[in-house]
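Read off the chains here:
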Amino acid sequence: GLDRRWQQVVVVGRKFNFNQGREGLLITGVAINQEQNLEGVRNENTEVIVQLNYNLFCFEKPNISLTFIQTGYASITQQGRYRADGDINVNWELVKDLYVNLRFYHVYDSKSPATGEPNIDWGTVAGLTYKF
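The notes below deal with the structure included here. Think of each chain on its own: its residues are numbered from 1, step by step along the sequence as written. Owing to the predicted nature of the model, reporting of local features is limited to residues with pLDDT of at least 70; listing and counting of side-chain atom pairs is limited to 80 or more, with chain, interface and lining totals taken over all residues. In computing side-chain properties, one takes all heavy atoms of the structure into account and sets aside hydrogens as well as water.

### Describing the pattern of salt bridges
When a carboxyl oxygen of Asp or Glu lies within 4 Å of a side-chain nitrogen of Lys or Arg, that pair is called a salt bridge. A complete count under the given rule lists 7 salt bridges for this structure. Overlapping salt bridges, with partners in common, bring together R5, E35, R81 and D109 in one network.

Okay, here's the thing in C-alpha cells:
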C-alpha cells in the first residue's frame with residue numbers, strides 16, 4: 001500500500017571489531033519521513049532509529065560472508081507506530097568465482113500507511129553469481 005517513502009536520516013554509531021572476520025555496527029539517530037500511499041495520501045513522520053549490523057566473513061576456504069542488519073523505528077509524531085526491517089544475506093563461493101547468494105528479509109509496520117493496520121512482509125531470495 002506504500003507508493004513511496006522519502007527518508008532523511010541523521011545518525012551516530014559505534015563500530016566493533018570483534019576479531020578477524022567479525023565486525024559489528026550499532027547506530028542510533030532520527031529520521032524524518034514523507035510517505036505516500038497508493039491513493040495519494042501523504043503523511044509525514046519523525047522516528048527514532050536503532051540499527052544493528054553484524055558481518056562475518058572468511059576469504060579462505062570456505063569463502064563465505066554473512067551479513068545481518070536489523071533496524072527498529074519508533075515514531076515520535078505518530079503515537080503507537082513502530083516499524084522494523086531486517087536482512088540476512090549469505091554469499092558462499094562454491095567453486096572458483098561462482099557464488100550462491102541467499103537473502104532472508106522481513107518488514108513490519110504496526111500502522112501501515114495504506115490501512116492503518118499492522119502489516120508484515122517477509123521472503124527469501126536465492127541466486128547464483130559469477131565474478132570475473
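Let us keep going from here.
### Describing the packing of aromatic side chains
Ring pairs are drawn from Phe, Tyr and Trp, using the six-membered ring of Trp, whenever the two centres fall within 6.5 Å, and their geometry is named by plane angle: stacked under 30 degrees, edge-to-face over 60, tilted for the rest. With the rule as written, the count across this model stands at 4 aromatic pairs. Seen in terms of ring centroids, F18 and Y54 are 6.1 Å apart; in terms of plane orientation they differ by 45°. Their pairing is tilted. Residue F18 is located in strand β1 (residues 2-19), and its partner Y54 is located in strand β3 (residues 42-58); the two are separated by 36 residues in the primary sequence. The structure contains a cluster of three or more aromatic residues connected by ring pairs, namely F16, F18 and Y54. Two thresholds decide whether a charge sits over a ring: the Lys NZ or Arg CZ must be within 6 Å of the ring centre and within 35 degrees of the ring normal. Over the ring of Y73 we find R83, and its NZ or CZ is 4.0 Å from the ring centre. Helical segments are the DSSP runs of H or I of at least four residues, strand segments are the runs of E of at least two, and each set is numbered from the N terminus.

### Considerations on the sheet that holds β3
Should DSSP find at least two bridges between two strands, the strands are regarded as paired. Read from one edge to the other, the open sheet built from 7 strands follows the order β1-β2-β3-β4-β5-β6-β7, with strand pairing classed as antiparallel. This sheet does not close on itself; its edge strands, each paired only once, are β1 and β7 (119-130). Each strand axis lies, on average, 15° off the axis of its neighbour in the sheet, ignoring direction. Pairing analysis gives 12 bridges linking strand β6 (residues 98-109) to β7, with the strands arranged antiparallel. Looking across to β7, one finds that Y105 is bridged to G123. Inter-axis angles, ranging from 0 to 180 degrees, are taken between N-to-C directions of lines fitted to C-alpha atoms, where helices are fitted over the stretch in contact.

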